[in-house]
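One letter stands for each residue in the lines below.
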Amino acid sequence: GMQSHLQALLSLYKLFCPEQVTITLPGKMKTYFKNSEGPWKAAITAVRQRNQATSPLSQAVFLSTSQPLSRKRKWNAQLVIPASSTNTNNLEEDREKSRVYLYSMNGSFPVEQLQTFPQLLQNIHCLEFPSQMGSVLTNPLLLHYMNCVKDESIYLRLYYWMGQMLQEECTWCVVDNPYEEEFKSFLETVYKAECFLQEGFSACEEFLYKTLSLWDGFCFHSEILRLVSWIPLSSFSDIKSYLYDPLAQLFFTSSIYFKCSVLESLKELLQNWLNCNVIQVDSEFTS
């Protein structure tokens with residue numbers, strides 16, 4: 001008998017080779033196969049719009065063939081990294097109080113009052129990270145603290161937050177994203193934080209590995225190639241599949257300027273790998 005999954009398969013055959021399927025199929029049936037041409041159609045439309053108009057790239061391809069993420073935002077919400085405060089409601093009250101920077105061992109020092117490096121040294125035993133980990137990216141003192149503490153939970157919190165932001169705000173992974181300048185600024189902030197810490201974020205590595213194959217080499221190419229230079233050293237098979245192969249496709253079909261940019265990024269990537277390896281060897285030798 002005609003089973004639903006067989007009807008779906010026959011309807012797929014009939015879509016591409018109608019002469020091969022002569023039986024009549026029902027007009028309405030459950031969808032068993034997602035449209036695999038969605039990302040390519042969106043990419044072709046984006047290229048056409050970019051070539052025909054002077055406006056920046058407004059459409060982009062999806063990360064996958066699944067439904068795009070909801071673009072609903074709060075009425076006043078934007079891609080803004082939050083302030084470095086554990087409790088913004090009490091911020092004004094704290095400012096009005098007498099400023100005592102050396103707290104007791106049992107107390108906690110409010111991060112919004114952290115202004116100088118001596119304060120960090122004096123209160124490093126009683127600091128706690130803000131509830132919104134994104135604020136760490138723009139605070140050099142908290143980045144120093146993050147580098148000293150080496151708490152796995154801190155990196156996990158930053159990993160989940162940053163991964164979500166990168167996926168939801170990526171202009172070539174989400175259709176009709178009006179926040180291009182904000183996303184560019186966010187990428188620059190992430191890159192500066194990586195340079196400060198002298199190591200790449202795992203969320204950035206995962207984001208690049210997922211999206212480089214969909215990247216057109218045009219959108220934010222400076223920011224993307226800078227992030228590429230901080231990808232941590234991993235297995236050759238992963239680097240070749242997710243990094244070298246997508247860049248090679250763009251490399252051979254792009255301008256001389258883009259080729260030089262890719263080579264410069266890979267040179268910086270090699271330098272970062274060598275520096276990281278030297279630090280590890282020195283620490284092992286010292287220990």
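Residues numbered from 1 in each chain as written. Predicted model: local features only at pLDDT ≥ 70, side-chain atom pairs only at ≥ 80, totals over all residues. Heavy atoms only, no water.

Under an unreviewed UniProt entry, the name given to the protein chain is CENPI protein, and the organism recorded is Sitta europaea. Its UniProt record gives the protein chain the following Sequence similarities (unreviewed entry) comment, quoted word for word: "Belongs to the CENP-I/CTF3 family." (UniProt positions renumbered as here; feature names shortened; annotations may be inferred.)

Draft legend 1. How the structure looks around the overall build of the protein chain. A tally of regular secondary structure across the protein chain gives eleven helices and zero strands. Listing every helix and strand of the protein chain by position from the N terminus yields α-α-α-α-α-α-α-α-α-α-α. In the protein chain, which comprises 287 residues, the share counted as buried stands at 34%. (Helix = DSSP H or I, 4+ residues; strand = E, 2+ residues; numbered from the N terminus. Buried < 20%, exposed > 50% of the residue type's maximum accessible area, 1.4 Å probe, protein only.)

Draft legend 2. Representation of the packing of aromatic side chains. This model, assessed by the stated rule, comprises seven aromatic pairs. With centroids separated by 5.2 Å and ring planes inclined at 65°, the aromatic side chains of Tyr-159 and Tyr-160 adopt a geometry described as edge-to-face. For Tyr-160, a relative accessible area of 57% puts it in the exposed group. Taking the centre distance of 5.5 Å and the plane angle of 90° together, the rings of Phe-251 and Phe-252 count as edge-to-face. Directly above the aromatic system of Phe-251 lies the positively charged group of Lys-259, at a separation of 5.5 Å from the ring centroid. (Phe/Tyr/Trp six-rings, centres within 6.5 Å; stacked < 30°, edge-to-face > 60°. Lys NZ or Arg CZ within 6 Å of the ring centre and 35° of its normal.)

Draft legend 3. The arrangement of the pattern of salt bridges in detail. Counting across every chain of the model gives three salt bridges. Among the ionic pairs, Asp-245 bridges to Lys-240, the shortest N-O distance being 3.4 Å. Take Lys-240: its relative accessible area is 37%, and that puts it in the partly exposed class. A salt bridge links Glu-264 to Lys-267, with the nearest nitrogen and oxygen atoms 3.5 Å apart. (Salt bridge = Lys/Arg side-chain N within 4 Å of Asp/Glu carboxyl O.)

Draft legend 4. Structural detail: the environment of Pro-232. Position of Pro-232 among the secondary structure elements: in the loop between helix H9 (221-228) and helix H10 (236-251). Sequence-distant contacts of Pro-232, that is, excluding residues within four places in its chain, are made with Glu-205 and Trp-273. (Contact = heavy atoms within 4.5 Å.)

Draft legend 5. Spotlight on the nonpolar core. Met-146, Met-162, Trp-172, Phe-201, Trp-215, Ile-224 and Leu-243 are the most contacted members of the largest nonpolar core, which totals 54 residues. Of all elements in the fold, only helix H5 (140-149), helix H6 (152-169), helix H7 (180-197), helix H8 (202-211), H9, H10 and helix H11 (256-286) reach the threshold of two or more residues within this core. No other element matches the seven residues that H7 contributes to this core. Ignoring any residue separated from it by four or fewer positions in sequence, one finds Met-162 in contact with Leu-137, Phe-186, Val-190, Phe-201, Ala-203 and Cys-204. (Core = buried A, V, L, I, M, F, W, Y, C linked by side-chain atoms within 4.5 Å.)

Draft legend 6. Quick look at the packing of H5 against H7. Contact geometry of H5 with H7 gives a least axis separation of 10 Å together with a crossing angle of 50°. Judged by the inter-axis angle, H5 sits oblique to H7. Seen along the crossing, H5 lies across H7 with a hand that is right-handed. Listed contacts from H7 to Pro-140, Leu-143, His-144, Met-146 and Asn-147 of H5 are Ala-193, Phe-196 and Leu-197. Taken together, the residues of the contact of H5 with H7 sort by class into six nonpolar, two polar and no charged. (Axes fitted to C-alpha atoms, helices over the stretch in contact; angles between N-to-C directions. Parallel < 35°, antiparallel > 145°, perpendicular 65-115°, else oblique. Left-handed = near helix turned anticlockwise from the far one by under 90°. Nonpolar A, V, L, I, M, F, W, Y, C, P; charged D, E, K, R; others polar.)

Draft legend 7. Geometry of H5. Every buried residue of H5 is accounted for by Leu-141, Leu-142, Leu-143, Tyr-145 and Met-146. Buried residues belonging to H5 abut helix H4 (117-122), H6 and H7. Its side-chain oxygen placed 3.1 Å from the backbone nitrogen of Leu-141, Asn-139 serves as the N-cap of H5. Trailing H5 by a residue or two, Lys-150 shows a phi angle of about 55°, which is positive. (Polar contact = N/O pair within 3.5 Å; in protein donor to acceptor, adjacent residues only side chain to side chain.)

Draft legend 8. Summary view of a nonpolar patch on the surface. Residues Leu-12, Leu-15 and Phe-16 make up a contiguous nonpolar surface patch of about 320 Å² in total accessible area. One can find Leu-12 in helix H1 (residues 4-16). The class of Leu-12 is partly exposed, set by a relative accessible area of 30%. (Patch = residues over 30% accessible without salt bridge, like charges linked within 9 Å, V, L, I, M, F, W, Y side chains within 5 Å. Areas by Shrake-Rupley, 256 points an atom, 1.4 Å probe, with all protein chains shown as cover.)

Draft legend 9. Representation of the side chain of Glu-194 within the structure. Position of Glu-194 among the secondary structure elements: in helix H7. Discounting chain neighbours no more than four positions away, the residues touching Glu-194 are Glu-199, Gly-200, Phe-201, Cys-204, Leu-227 and Trp-230.

Draft legend 10. Structural view of unusual backbone geometry. Non-glycine residue Gln-198 carries a positive phi angle of around 60°. Looking at the element boundaries, Gln-198 is found in the loop between H7 and H8. Phi at Phe-220 is positive, roughly 50°, even though this residue is not glycine. Position of Phe-220 relative to the elements: it lies in the loop between H8 and H9. By relative accessible area, Phe-220 is classed as buried at 12%.

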